[in-house]
Every structure is written in C-alpha cells, then in structure tokens.
Amino acid sequence: MTLKGMAESFSEIGVPVFLADIKGGVSGLAQAVVMSDGFQKRLDKLGVKDFKLDAYLVCFFDVYGKHGHPVRTTISEIGPELLARLLELNDTQAVVLLIIFRIADDSGLLLIDLKDLRSMAQYVGDHAADYKTKYGNIAAQSIGAIQRALLKLEDQGGDIFFGELALDIKDWLTTAPDGRGMINILHCVELFQQPLLYSTFLLWMLSELYNLLL
C-alpha cells in the first residue's frame, strides 16, 4: 500500500514512476478501486468531500514478455565494463573481455545477443596469436572463463534479455495526456527467481538512467 500510495502521489504531480513488482501486488493501479460503504462512512466522518478513486495510466513490462512489453538491450549497449562486473570476472578476464569488444568494434561488428558475444569470444580465442601484437596477450584460460560465465547468464534467461528491439529508457520518462506521470511496472515475479539476470537488468537500467540524466 505504501508503494502504491507513493506511485500515485508522484504521478499526480507529473513525475513518471518505475516500479519493480516482485509480488504482482501493484498492478491494481491500472483500475479504479470500487468505493465501499465502510470507506464512504470514513470519508463522511472525516468531512472529506468530492473524493474520487481514479485509475492511473500504467504500462506493464516483462523481461520474459509474458505479462507486459518485453525489455531488451544489446550486448554492445551494456558494454564490457558493466558486463565484466556482472559476470564477476577477475582483472585479467575483464581485460580480455574488453579486447573482445574492441576487436568487434574495430571490425565494425555489432554484438546483439549472447550468441554473438560467445561466437566473437571463440573467434578471438582461436586467433589469439594474430591479435597479440596489437591488443596484447589473450589467454585461452580467460576465454574459457568468460565462456563459462556467459553460459551461466544464458541459463538464467540472458538469451531473452539481450536482443532487439532494444528498449529506449526515455519511454519510462513520459507523462500521460492529462499531465500525470506514467506509471511503469516491471513484472518481476519470475525474474526475481533469477538473481543474476535480475541484477543484470537493474544495473543496466541504473547505468542508462545515469547516462541520460548526467
């Protein structure tokens, strides 16, 4: 109730709202509550007049695309630094991941999904000797560690989150025609059960907001 009350208050003053709903309990914001006799008596006792219960303009999102608009981003957009942290790579492995991204960029290749990145990592590993002079040493052990970490992320649903069409974070910063802030709800009941993918989404979202509002 506290979150719903805060969301309604922010929306009323024209502030867009984003909520991560891990229990499925705030979707009722999209529908006006029916006034009960007991609630009306309470309003009469407090002397509150002209009180009405409104529905709010709500847009639903879901990484899995089951209970709202699908949320997607690309590997290239998330970048090697953030991805290395999410995958818990050590410093050496993080540098190798950066090299993989750099080679893809220098080759004009856009990394869309996890399959793209895994294929790129395999290609760089197979041709490590060719890239050593320009980019530095690329250890096979680091390539293997990256591939294992990507496989773990893929098993938790990363193959769904990474892809096209990528979400524009500006879509969550809009107002309704009546001037109220849009309420954006991310359905997280299933996503919450996959902590690696959930943290990946949250860190991506915060980094996108930071870059946008900087």
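The sections below set out a description of the structure shown in this document. (Residues numbered from 1 in each chain as written. Predicted model: local features only at pLDDT ≥ 70, side-chain atom pairs only at ≥ 80, totals over all residues. Heavy atoms only, no water.)

**Describing the environment of glycine 28**
- Position of glycine 28 relative to the elements: it lies in the loop between strand E1 (17–21) and helix H2 (37–46).
- Judged by its relative accessible area of 35%, glycine 28 is partly exposed.
- Separated by 109 residues in the primary sequence, glycine 28 and asparagine 137 have C-alpha atoms spaced 55 Å apart. (Helix = DSSP H or I, 4+ residues; strand = E, 2+ residues; numbered from the N terminus. Buried < 20%, exposed > 50% of the residue type's maximum accessible area, 1.4 Å probe, protein only.)

**Here we look at the pairing of E1**
- Only one face of E1 is buried: it carries Val17, Leu19 and Asp21, and the other face, with Phe18 and Ala20, is open.
- Here E1 runs beside strand E4 (residues 183–187); their pairing, made up of 5 bridges, is parallel. Its bridge partner lying in E4, phenylalanine 18 is registered against asparagine 184. (Pairing = 2+ DSSP bridges.)

**Details of the state of the cysteines**
- Applying the stated criterion to the full structure yields 0 disulfides.
- Distance from the sulfur of cysteine 59, which forms no disulfide, to the nearest cysteine sulfur (cysteine 188) is 14 Å.
- Overall, cysteine 59 belongs to the buried group, its relative accessible area being 19%.
- Assessed through its relative accessible area of 0%, cysteine 188 is described here as buried. (Disulfide = S-S within 2.5 Å.)

**Quick look at the side chain of glutamine 156**
- Secondary-structure assignment places glutamine 156 in helix H8 (residues 140–161).
- Polar contacts involving the side chain of glutamine 156 include one to the main-chain amide nitrogen of leucine 196, which spans 3.0 Å.
- The residues touching glutamine 156, leaving out its near neighbours within four places in the chain, are Tyr64, Gln194, Pro195, Leu196 and Leu197. (Polar contact = N/O pair within 3.5 Å; in protein donor to acceptor, adjacent residues only side chain to side chain. Contact = heavy atoms within 4.5 Å.)

**Some remarks on the sheet that holds strand E2 (residues 58–62)**
- A sheet is described by the order of its strands in space; here 4 strands give the open sequence E1-E4-E2-E3, paired in parallel fashion. Strand pairing shows two members of the sheet lacking a second neighbour, E1 and strand E3 (69–70), which therefore form its edges.
- Strand contacts of helix H1 (residues 2–12): E1 and E4, with the helix running at about 160 degrees to E1, the strand carrying the most contacts. (Axes fitted to C-alpha atoms, helices over the stretch in contact; angles between N-to-C directions.)

**Some details on helix H7 (residues 128–135)**
- Within H7, the full set of buried residues consists of Ala128, Tyr131 and Tyr135. Here the buried residues of H7 occupy an arc of 70 degrees about the axis, which is enough to place them on one side. In H7, those exposed residues whose orientation departs by more than 90 degrees from the buried face are Ala129, Asp130 and Thr133.
- Looking at the buried side of H7, the elements it contacts are helix H5 (91–106) and helix H6 (114–126).
- Glycine 136 sits one or two residues past H7 and shows a positive phi near 105 degrees. (Arc of directions from axis to C-beta.)

**Considerations on the layout of surface pockets**
- Computed from the structure, the second largest pocket encloses a volume of approximately 150 Å³.
- Lining the second largest pocket, in full, are Arg85, Leu86, Leu87, Glu88, Ala149, Lys152, Gln156, Leu196 and Ser199.
- Among the elements of the structure, helix H4 (80–86), H8 and helix H9 (195–213) are those that each provide at least two residues to the lining of the second largest pocket.
- The element that contributes the greatest number of residues to the lining of the second largest pocket is H8, accounting for 3 residues.
- A breakdown of the residues in the lining of the second largest pocket according to their chemical character gives 4 nonpolar, 2 polar and 3 charged. (1 Å grid on protein atoms, 1.4 Å probe; cavity = no way out; pocket = protein on both sides within 12 Å on 5 of 7 lines; lining within 4 Å. Points joined across faces, edges and corners; volume = space filled by probe spheres on them. Nonpolar A, V, L, I, M, F, W, Y, C, P; charged D, E, K, R; others polar.)

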